[in-house]
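# Coordinates in review
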Protein chains: 2
Amino acid sequence: MKPEFGKKETNLKKALRLMDKATSDLLVLPELFDTGYAFSSREELAALAEPFDKSETVSELKKYSRETKTVVIAGIAEKDKGKIYNSAITILPNGRKHVYRKLHLFYKEKLYFNRGNGPLEVISYKGMRIGVMICFDWIFPETARTLALKGANIICHPSNLVLSYCQNAMVTRCLENRVFSITCNRVGNEDRGGNSYNFTGFSRVIAPNGNVLAEGSKVKEELKAVDINLKGAEDKRITSLNDIFEDRRIKFYNIKGKK
Amino acid sequence: MKPEFGKKETNLKKALRLMDKATSDLLVLPELFDTGYAFSSREELAALAEPFDKSETVSELKKYSRETKTVVIAGIAEKDKGKIYNSAITILPNGRKHVYRKLHLFYKEKLYFNRGNGPLEVISYKGMRIGVMICFDWIFPETARTLALKGANIICHPSNLVLSYCQNAMVTRCLENRVFSITCNRVGNEDRGGNSYNFTGFSRVIAPNGNVLAEGSKVKEELKAVDINLKGAEDKRITSLNDIFEDRRIKFYNIKGKK
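What comes next is a walk through the structure. (Residues numbered from 1 in each chain as written. Chains lettered and ligands numbered in written order. Predicted model: local features only at pLDDT ≥ 70, side-chain atom pairs only at ≥ 80, totals over all residues. Heavy atoms only, no water.)

### Digging into the sheet that holds strand E12 (residues 212–215) of chain A
Sheets are built from strands paired through backbone hydrogen bonds, the pairs being either parallel or antiparallel. Residue and element names in this part refer to chain A. Within the open sheet, the six strands sit side by side as E5-E6-E7-E8-E11-E12. Their pairing is mixed. The open sheet terminates on both sides in strands that have one partner only, identified here as strand E5 (122–125) and E12. Strand-to-strand, the axes of this sheet are offset by a mean angle of 20 degrees, without reference to chain direction. Helix-sheet contacts for helix H6 (residues 166–177) involve strand E7 (154–159), strand E8 (180–185), strand E11 (204–206) and E12, and the interaxial angle to E11 is about 15 degrees. (Pairing = 2+ DSSP bridges. Helix = DSSP H or I, 4+ residues; strand = E, 2+ residues; numbered from the N terminus. Axes fitted to C-alpha atoms, helices over the stretch in contact; angles between N-to-C directions. Contact = heavy atoms within 4.5 Å.)

### A short note on the packing of helix H1 (residues 8–19) of chain A against helix H3 (residues 56–68) of chain A
Residues and elements named next belong to chain A. Interhelical geometry of H1 versus H3 gives an angle of 10 degrees and a closest axis separation of 11 Å. Classified by the interaxial angle, the pair formed by H1 and H3 is roughly parallel. In this structure, H1 contributes Leu-12, Leu-16 and Met-19 to the contact, and H3 contributes Glu-56, Thr-57, Glu-60, Leu-61 and Tyr-64. (Parallel < 35°, antiparallel > 145°, perpendicular 65-115°, else oblique.)

### Thoughts on the sheet that holds strand E6 (residues 128–132) of chain B
All names here are of chain B. The six strands lie next to each other as E5-E6-E7-E8-E11-E12, forming an open sheet whose pairing is mixed. What marks the edges here is a single partner per strand, and that holds for strand E5 (122–125) and strand E12 (212–215). Strand-to-strand twist of the sheet, defined as the mean angle between neighbouring strand axes without regard to direction, takes the value 20 degrees. In terms of strand pairing, strand E7 (residues 154–159) meets strand E8 (residues 180–185) through six bridges, oriented parallel.

### Some words on the relation of the copies chain A and chain B
Placing chain A over chain B gives an RMSD of 0.0 Å and needs a rotation angle of 180 degrees, together with 0.0 Å of translation along the axis. Here the copies are linked by what is in effect a two-fold axis. (Least-squares fit on C-alpha atoms with pLDDT ≥ 70 in both.)

### Digging into the state of the cysteines
Overall, the coordinates contain zero disulfides over all chains when judged by the stated rule. Distance from the sulfur of Cys-166 of chain A, which forms no disulfide, to the nearest cysteine sulfur (Cys-135 of chain A) is 6.9 Å. (Disulfide = S-S within 2.5 Å.)

### Focus on the packing of helix H5 (residues 141–149) of chain B against helix H6 (residues 166–177) of chain B
Residue and element names in this part refer to chain B. Their axes nearest at 10 Å, the elements H5 and H6 cross at an angle of 35 degrees. Here H5 runs over H6; the crossing is right-handed. Mapping the contact onto sequence places Pro-141, Ala-144, Arg-145 and Ala-148 in H5 and Arg-173, Glu-176 and Asn-177 in H6. Within the contact of H5 with H6, the residues separate by chemical class into three nonpolar, one polar and three charged. (Left-handed = near helix turned anticlockwise from the far one by under 90°. Nonpolar A, V, L, I, M, F, W, Y, C, P; charged D, E, K, R; others polar.)

### Section: unusual backbone geometry
Here the amide bond leading from Gly-118 of chain A into Pro-119 of chain A is cis, since omega sits at -5 degrees, within 30 degrees of zero. Relative to the helices and strands, Pro-119 of chain A is located in the loop between helix H4 (109–112) and E5. Positive phi values are uncommon outside glycine, yet Cys-135 of chain B reaches one of about 40 degrees. Positive phi values are uncommon outside glycine, yet Phe-202 of chain B reaches one of about 55 degrees. Along the polypeptide, Phe-202 of chain B turns up in the loop between strand E10 (195–198) and strand E11 (204–206).

### With respect to the interface of chain A and chain B
Opposite the 52 residues of chain A that make contact, chain B presents 52 residues. Its largest share of buried area at the contact with chain B, chain A owes to Arg-249, Phe-252 and Ile-255 of chain A, together 14% of the area lost on that side. Seen at the junction of chain A and chain B, the total is eight salt bridges. Linking Lys-110 of chain A and Asp-247 of chain B is a salt bridge whose minimum nitrogen-to-oxygen distance equals 2.6 Å. At the boundary of chain A and chain B, one finds 25 residue pairs in polar contact (both at pLDDT 80 or more). Listing elements by their share of the side of chain A that touches chain B, those giving two or more residues are H4, helix H5 (141–149), H6 and strand E13 (237–239) of chain A. (Buried area = accessible area lost by both parts, 1.4 Å probe. Salt bridge = Lys/Arg side-chain N within 4 Å of Asp/Glu carboxyl O. Polar contact = N/O pair within 3.5 Å; in protein donor to acceptor, adjacent residues only side chain to side chain.)

Spelled out as C-alpha cells, the structure:
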C-alpha cells in the first residue's frame, strides 16, 4: 500500500479495505503502514507513535484477526516507556500478540527512533513458525539466520525499502536458510522536511528453493495471495548429502569481528 | 576453463596458455582446475591429488607468479598426511603461499575428500587483503562474513558450480559485506562413474555496491580482466548514517543454532 504521511485513520481504513478482500491464514502489511515514513523530527514521530495497548490501529487489527482467523503482521511506530520503536506487531486470532522492534535502523530513522532491544524470536501458531524482521534488517545475514536457526519456517518482512537490492537478496536469504519469506514493501513516495523517499514496492513471496511465488507491483497498491506448503521449509537438504544446517562449520566462523 | 578429467598436464598447459594473455595483479583459476571434478572413488582421487611441495602444477604456477608478478589463486586437490583436501592455493610473487581447504564439501565430494580444517584467513599483499572460499562455501553466509570481518577487501572464489544460484547470490555477499568478489567458475560437463555434472560457468567479478564488473561465458573458455579500485571496499557505509559493520547488533545474533 501507499500510506499518506500522518493520516493514521485514513491509512488504517485503506488497509482494512484491502484486507477485506483477503481470505488467508497469514497477512503481512508494510513497515509503518499507518503513519508513513518521512518524519522530520522526534517530536513529530512522538505525536504519531502509540503505546500498543492504547492504539486504535492495534485494536482494529485485533478485531480483524479474531473475526477472520488471520495472523496479522503490521509495521507500526510504538511508544513504550519514553522510547519510540520502529516495530512490527504480530497478532494471532486467539488474541495473543508479539512485538518485534527493528534492530537495525536505516538512515534518518536513527535520528528519531530508538534502536530495537530484541530478542529475535519465533512465533508459533498452527504449524507456522513465524520470524519477523523489518526492512533494512535484511542486509545483515545474521538476522534471518538467527530466526531460521531458532526454527522459523517463514520470515515476515514488513518494509519501506528505498534501495533496490533487497528484493533480489531475499532469494539468497531463503536459499541459505531454506525458509519462506514474505517481504511486504510499500509503494509511492514521500517528499517532506527536506527528505525525498521513493519506495520501491515489488513485494515478494519467496520459497526455500529461491522460487518467487508472488510478486507485487512497483507502483500500485494491491493485495496478493499465494498458497504455501510449509513442509518445504522443514527439509534443509539442498542435495541428498547436504543438509545446509548440519553442514555448518561453526567453529571456523567468527561473526563478532575485531571489536 | 574446461578441465579434462584426470589430464593434469593438459589442463595445466591450457591454463598457462590462457594465463599468458593476462597482465594482472591477481588471477583466479577454477576449483580443481588441473584434475577435473567427477571422481568416482577415493582411490581415483588419491592417484591425482598431490602434496603441494611436490606438485608440478604448484611449481609451474609459482614460476608464473614470480615471473609476471601476479598473485595466483587456483583450486587443486591436495594430499597431506594421509588426508585429501579440496584446496585453493594462493601463490604470491615473493614465493609465499597460503592454502585454504574447503570447509563445506558439496555432495559426493563428501565421499572422497576430507573436510577442510580451517581457519578462514586473510592474505595481505600490496593493498590486497584476499579472502579465499571455494564453490559451495558461498551458501553459508558465515564464510564470506568471517573473511570480511577479518579484513578481506576481495573474496576470491574458485568454483565448479553445478547449481545456478550462486552467481546471483554473490551480489548479496558483496553488498552485505561491502567487498569485491571474483567467482571463477569452470564450464563444460563431466559424465563418468554414474555421475553427470553440468558446470554453469558465468564467472563474475562483483563490486561492494553489487555492480557486476565482469562476466564470463556460460559455456566457453575465456580470460576476463577488470580494473578494480580496492578503496571501494574500505568504506562500509551504505548511507551517510549506516556503516553496515558498525550497525551490527551482535548480542542479538545467535548463529550457533540449537545444538
